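# A structural walkthrough
So the chains spell out like this:
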Amino acid sequence: MLLHGLLVDLVPFTREFHEEKMHTFWNNESRWWATMGDNQPVTRAEIKRMNEERIQGHERGYTGIHFMMRARDGNIIGSAGLNWLDYWNRYGMLGSWIGEPDYWSGGHGTDALLLLAEYAFNWYDLRRLILFTMGPNIRAQRNVERCGFKLEARQRDGGYAGGEWVTSLAYGMLREEWQGRETLVEQFNLRERAEKRYGALD
Amino acid sequence: MIEGKLVDLVPFEDDYATYLESWMNEEAWFRAHLWERREPHTEDMVKKFIEKMEKNERGALIGFQAKNGDPIGCVIFDHEWSRVRKADVTVVVGDTRYEGTDEALDGLLMLLRYCFETRSLHRVDAVALTFDEVKFDMYERAGFAHEGTLRQHIRYDGDYVDIEMFGLLEDEWPGYETITEKLGLQPSGLEPKPKLEKKDDKDGAKDNDKK
């Protein structure tokens, strides 16, 4: 099971992610962006407990589907997935977390989002995708808006980050608004960006 | 019991557990729990829901009744996020005669009073199906702001309908006493429902089965 992109692949999680990378990502500044402002230090024991709970989650009805994000240089840089899948109402909620700041603003998040959206629409017969981010996360807003998401709600003081109340933004995209991965890959010059960073594509 | 102007908040037990068996199968329930599948709720499922809410550390199920003791429905706060001090609020007017009345509004106001004045929340969230004007009116009178629309978000009777999202902040909440005075709540004067027969009366239950 692999979603093959240009800058990243979305692949199954490995032990290295859960035992090493998660501890790094949950303790660096990426956490603050991914959780709308949370940043208290997290121990390995807590990470272990989170993973155990995650494994049991599916038994309790948790519907999420998650991938590990691997950059083309082989580095594990984060995760992306459907944090919630509602089969009854046919929507999915996307989430993405790049834990290595060196890979921010390079198109990796965009590549992952396009892979995920295509996967969600083509394999799960969803009608709609939603996602949430916070006001200060301009990078995420720019990224999702150009992929076709529309801002649908602004929840005032819906989050708290860096000592301030921040707006929680709800974005949505209907299936008929999805332009398709290939179109957007062209539009964003993702091939050129990938070749510039990692050399010629296979 | 926590006393309000037109309604009182009470523990969700005894008659409320019995009423919930019908309330959870009524339109008001599905409109309030708009994410849920439209499926019959059996006695067993209702019992499990009550048990789940009793164990819920991030929410509560609370009964509300008219001043004459007539059970009206339930108010729920859930998904409390302690770091951000916010929660979702829901009002289910189980006895449909009370829909759109000031008693129903007072149920919401009492829940908000609890959220802001007891739990010290900063924000509460509420949602409504796009055609549920009775709810919009109730949220508006309670001071909520409309914050957006989730497009075609919920399956409803052969279609996918929009969800309207509302929010109310602690500094917009004038306090229960002030808001109830400003709104000038009026009782609807409805007659109380006939008292329920005791559920643990096994012979009575058998007689009902025969009917």
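Residues numbered from 1 in each chain as written. Chains lettered and ligands numbered in written order. Predicted model: local features only at pLDDT ≥ 70, side-chain atom pairs only at ≥ 80, totals over all residues. Heavy atoms only, no water.

## Here we look at the overall build of chain A
Summing up its helical and strand segments, chain A has 7 helices and 8 strands in all. By the compact-globule yardstick of 17 Å for 202 residues, chain A fits well, its C-alpha radius of gyration being 17 Å. Summarising its shape, the C-alpha atoms of chain A cover approximately 45 × 40 × 35 Å along the three principal directions. Here chain A, with 202 residues, has 51% of them falling under the buried criterion. For chain A, the share of sequence-separated contacts (at least 6 apart) that also reach a separation of at least 24 residues comes to 64%. Just so you have it, chain A exposes about 9900 Å², and 49% of that area is on carbon and sulfur atoms. Placing the 25 positive and 28 negative side-chain charges of chain A at their respective mean positions leaves the two points 1 Å apart. (Helix = DSSP H or I, 4+ residues; strand = E, 2+ residues; numbered from the N terminus. Rg over C-alpha atoms; globule rule 2.2 N^0.38 Å. Buried < 20%, exposed > 50% of the residue type's maximum accessible area, 1.4 Å probe, protein only. Contact = heavy atoms within 4.5 Å. Areas by Shrake-Rupley, 256 points an atom, 1.4 Å probe, with all protein chains shown as cover. Lys, Arg positive; Asp, Glu negative; His and termini not counted. Charge placed at Lys NZ, Arg CZ, Asp CG, Glu CD.)

## Description of helix 3 (residues 44–57) of chain A
All names here are of chain A. The terminal C-alpha atoms of helix 3, which comprises 14 residues, lie 20 Å apart, in line with the 20 Å expected from a rise of 1.5 Å per residue. All of the buried residues along helix 3 are Ile47, Asn51 and Gly57. Taken end-on, helix 3 shows its buried residues confined to a sector of 115 degrees, consistent with a single buried face. For helix 3, exposure combined with an orientation more than 90 degrees from the buried face picks out Ala45 and Lys48. Looking at the packing, one finds that the buried side of helix 3 touches helix 1 (15–25). (Expected span 1.5 Å × (residues − 1). Arc of directions from axis to C-beta.)

## Examining the packing of helix 1 (residues 15–23) of chain B against helix 3 (residues 43–55) of chain B
All names here are of chain B. Two elements in contact, helix 1 and helix 3, have axes separated by 9 Å at closest approach and are oriented at 125 degrees. By the angle between their directions, the pair helix 1 and helix 3 is classed as oblique. The handedness of the crossing between helix 1 and helix 3 comes out as right-handed. The residues of helix 3 that touch helix 1, namely those facing Ala17, Leu20 and Glu21, are Glu43, Val46, Phe49 and Ile50. Of the residues belonging to the contact of helix 1 with helix 3, the class tally is 5 nonpolar, no polar and 2 charged. (Axes fitted to C-alpha atoms, helices over the stretch in contact; angles between N-to-C directions. Parallel < 35°, antiparallel > 145°, perpendicular 65-115°, else oblique. Left-handed = near helix turned anticlockwise from the far one by under 90°. Nonpolar A, V, L, I, M, F, W, Y, C, P; charged D, E, K, R; others polar.)

## Considering the nonpolar core
Of all hydrophobic cores here, the largest spans 42 residues; its most connected members are Leu10(A), Met69(A), Leu82(A), Leu94(A), Leu114(A), Leu129(A) and Phe149(A). In this structure, Phe64(B), Val93(B), Ala104(B) and Cys115(B) belong to the second largest nonpolar core, which totals 40 residues. (Core = buried A, V, L, I, M, F, W, Y, C linked by side-chain atoms within 4.5 Å.)

## Things to note about the packing of aromatic side chains
In the structure shown here, the tally under the stated rule is 20 aromatic pairs over all chains. Centre to centre, the rings of Phe136(B) and Phe166(B) are 5.8 Å apart; their planes meet at 45 degrees, and the pair counts as tilted. With a gap of 30 residues between them, Phe136(B) in helix 5 (residues 133–142) and Phe166(B) in strand 8 (residues 159–169) connect regions that are remote in the sequence. Here the two residues Phe136(B) and Phe166(B) agree in accessibility, since each one is buried. Three or more aromatic residues link up through ring pairs in this structure, and these residues are Phe67(A), Tyr87(A), Tyr119(A) and Tyr124(A). (Phe/Tyr/Trp six-rings, centres within 6.5 Å; stacked < 30°, edge-to-face > 60°.)

## A closer look at helix 5 of chain B
Residue and element names in this part refer to chain B. Those residues of helix 5 that sit buried are Lys135, Phe136, Met138, Tyr139 and Ala142. For helix 5, the angular spread of buried residues about the axis comes to 165 degrees, placing them on one side. Those residues of helix 5 that are exposed and aimed more than 90 degrees away from the buried face are Glu133 and Glu140. Each element contacted by the buried residues of helix 5 is listed here: helix 2 (27–32), strand 5 (86–92), helix 4 (102–118), strand 6 (123–129), strand 8 and helix 6 (176–183). Looking one or two residues past helix 5, Gly143 carries a phi angle of roughly 105 degrees, positive in sign.

## Focus: the side chain of Arg181(A)
Here Arg181(A) is to be found in helix 6 (residues 181–187). Excluding anything up to four places from it in sequence, Arg181(A) contacts His4(A), Gly5(A), Leu6(A), Asp111(A), Leu114(A), Leu115(A) and Glu118(A).

## Details of the environment of Tyr16(B)
Residues and elements named next belong to chain B. Structurally, the position occupied by Tyr16 is in helix 1. Overall, Tyr16 belongs to the buried group, its relative accessible area being 5%. Every residue in contact with Tyr16, bar those within four places of it in the chain, is listed here: Val10, Pro11, Trp23, Gly63, Phe64, Gln65, Pro71 and Gly73. At 3.4 Å, the side chain of Tyr16 and the backbone oxygen of Phe64 are in polar contact. (Polar contact = N/O pair within 3.5 Å; in protein donor to acceptor, adjacent residues only side chain to side chain.)

## Here we look at the interface of chain B and chain A
Frequently, the measure chosen for interface size is the accessible area that the parts lose on association. On the chain A side, the residues contacting the 29 residues of chain B number 30 residues. When the two sides are added together, the surface that chain B and chain A hide from each other amounts to roughly 2500 Å², 46% of it contributed by carbon and sulfur. Linking chain B with chain A are 5 salt bridges, by the criterion used here. Residue Arg156(A) pairs with Glu172(B) through a salt bridge whose shortest N-O separation is 2.5 Å. Our enumeration of links across chain B and chain A arrives at 22 residue pairs in polar contact (both at pLDDT 80 or more). Breaking the side of chain B that touches chain A down by element, the ones donating at least two residues are strand 6, strand 7 (145–156) and strand 8 of chain B. In terms of residue count, strand 7 of chain B provides more of the side of chain B that touches chain A than any other element does, 10 residues in total. Of the residues that constitute the side of chain B that touches chain A, the class distribution is 11 nonpolar, 6 polar and 12 charged. (Buried area = accessible area lost by both parts, 1.4 Å probe. Salt bridge = Lys/Arg side-chain N within 4 Å of Asp/Glu carboxyl O.)

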